[in-house]
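# Report on the structure
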Amino acid sequence: MRGLVLGGTSSGVGKTVATLALLRAAEEAGHAVQPAKAGPDFIDPSHHAVVADQPSRTLDAWLEGTDGLRRNYHRGEGDCCVVEGVMGLYDGDGSSTAMVAEALDLPVVLVVDATAGMESVAATALGFEEYAARANRDIDVAGVIAQRAHGGRHADGIRDALPDELTYFGRIPPTPDLEIPDRHLGLEMGEESPVDDDALAAAAEHLRVDALLDVAREPPEPESERGAPADPTDARIAVADDAAFCFRYPATLERLRERAEVVTFAPTAGDDLPDCDGVYLPGGYPELHVDALAGSPALATIGERASEGLPILGECGGLMALAESLTTADGETGAMAGVLPAEIEMRDRYQALDHVEMRATDRTLTADSGQCLRGHEFHYSEASVGRDANFAFEMERGDGIDGERDGLTEYRTLGTYGHVHAESGAFDRFLDRV
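Residues numbered from 1 in each chain as written. Predicted model: local features only at pLDDT ≥ 70, side-chain atom pairs only at ≥ 80, totals over all residues. Heavy atoms only, no water.

Nonpolar side chains in soluble globular proteins generally cluster together in the buried interior. Ranked by internal contacts, the top residues of the largest apolar core, which has 49 residues, are F265, V279 and I302. Mapped by element, the contributors of at least two residues to this core are α3 (61-74), β10 (236-240), β11 (261-265), β12 (278-281), α10 (290-294), α11 (297-307), α12 (317-322) and β16 (342-346). (Core = buried A, V, L, I, M, F, W, Y, C linked by side-chain atoms within 4.5 Å. Buried < 20%, exposed > 50% of the residue type's maximum accessible area, 1.4 Å probe, protein only. Helix = DSSP H or I, 4+ residues; strand = E, 2+ residues; numbered from the N terminus.)

In structure tokens, the structure reads:
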């Protein structure tokens, strides 16, 4: 499957809208398109999935390693893949867009904000291309998409100013209907606030889709097979799946389904916990659904089953739901499952944002003693933990729960602020423990 990367000059330049427009344009041209996202984000991929009608692949060198990243790419389906970058092209010491493009040997199309520029757009693009050598990155900047660019003289001026080695691949017009609302943690989810379909179709017409797909390349195969075999188990894993628990990587569910039976439930809709051998509570927005969760039979049952030794894994939002209470930024407090000795409060600004590395201090649900897991954390909540709290991990990088540790444990329940990818092996070990 051939692919290309849409990288940006910075965060907020309009990469997501440009990606959605290209997904739409490629489908209109008769291609089966696989979306993907560089970096650990859950929100942008939700918009990809709405337009492409299939899950977006997560491509992150820190979470997956080079071979894991390539394996995840090649599990996609379609004849072409459009990868949306993260932040600016070279930003991020854990996994930048440039690192992902280099690992996959894919060309980069630079999304440049042309709101108040014309010839300067070309100068910006040329600088990003030439900086690759200085940054010791073996990447190919193939050309530009001019974001928020008018037609006529504006578009012509940008195209004419580009040097021969950089192609003008079209523009995204400045249309208010293409703006995506945002909130804490980023944009609103694709199911909540999809981009206006007519505006997206109109924007897609201004992209040179044939020229874009002509520069796409086939990435190399991974050099090694995945470490852990996908031996089936007879386990039944319950996975929370609703607006409060919506942050999960497609590869995680794929891995769970390869080795176990997966049944989903929606705590905010009043579902009780299904009959199961283990529970996975992904991240999401529990703070937006405090009343529904406080009255959820599922959380009450999780509290009971946890004390009986049921293995339960919660990540970020899952950790919050497993705590004793959750207080919103407006001061509303609701009782949660009460499994982990912590009280959670939302803050007005983020408390942690980084790639993380966690070293297990003892054998736990997702790691053996001394083993390191790489993941990602991004949360606005703060946890106040009891003095007798037990932690599973010490932080080699990142903040975790208290600045030094992550992974609250009680019974056979583990709650972390860190999100991990299936390529880490964490979910295989979880199934083995179950």
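So, next bit.
So, about helix α13 (residues 426-433). Among the eight residues of α13, seven are classified as buried, and the element is accordingly described as predominantly covered. The set of residues buried in α13 consists of A426, F427, D428, R429, F430, L431 and R433. The secondary structure elements touched by the buried residues of α13 are β10, α9 (250-259), β12, β13 (312-315), β18 (372-379) and β23 (419-420). (Contact = heavy atoms within 4.5 Å.)

It is worth spelling out the packing of aromatic side chains at this point. Under the criterion given, the structure shown has nine aromatic pairs. Ring centres of F247 and Y285 lie 5.2 Å apart, and the angle between their planes is 70 degrees; on these two criteria the pair is classed as edge-to-face. Of this pair, F247 sits in the loop between β10 and α9 while Y285 sits in the loop between β12 and α10, placing them 38 residues apart in sequence. Taking relative accessible area as the criterion, F247 reaches 6% and is therefore assigned buried. With a centroid separation of 6.2 Å and 45 degrees between ring planes, the pair formed by F378 and Y380 is classed as tilted. With relative accessibility at 16%, the residue Y380 sits in the buried group. Site record: aromatic cluster; members linked through ring pairs are F42, F247, Y249 and Y285. Geometry around Y350 places R349 over its ring, the cationic atom sitting 5.0 Å from the centre. Sitting over the ring of W62, R374 keeps its end group 3.6 Å from the ring centre. (Phe/Tyr/Trp six-rings, centres within 6.5 Å; stacked < 30°, edge-to-face > 60°. Lys NZ or Arg CZ within 6 Å of the ring centre and 35° of its normal.)

Note: strands within a sheet are paired through backbone hydrogen bonds, in either parallel or antiparallel orientation. Ordered by their spatial adjacency, seven strands build an open sheet running β3-β2-β4-β1-β5-β6-β7, and the pairing between neighbours is parallel. In this open sheet, the two edge strands, each paired with only one partner strand, are β3 (57-59) and β7 (167-172). The mean inter-strand angle of the sheet, taken between neighbouring strand axes irrespective of direction, is 25 degrees. Pairing analysis gives four bridges linking strand β6 (residues 141-147) to β7, with the strands arranged parallel. From the neighbouring strand, Q147 faces β7, where its bridge partner is I172. Most of the contacts of α3 go to β3, to which it runs at about 130 degrees, and overall it touches β1 (2-8), β3 and β4 (80-88). (Pairing = 2+ DSSP bridges. Axes fitted to C-alpha atoms, helices over the stretch in contact; angles between N-to-C directions.)

What follows is about the pattern of salt bridges. Using the criterion set out here, one finds 29 salt bridges in the structure. We note a salt bridge from R255 to E258, for which the minimum N-O separation is 3.0 Å. Here the residue R255 and the residue E258 both occupy positions in helix α9, the gap between them amounting to three residues, near one helical turn. The exposure class assigned to R255 is buried, which follows from its relative accessible area of 3%. Note on E258: relative accessible area 32%, which makes it partly exposed. The shortest N-O distance in the salt bridge between E396 and R359 comes to 2.9 Å. (Salt bridge = Lys/Arg side-chain N within 4 Å of Asp/Glu carboxyl O.)

These figures come from the coordinates and say nothing about function on their own.
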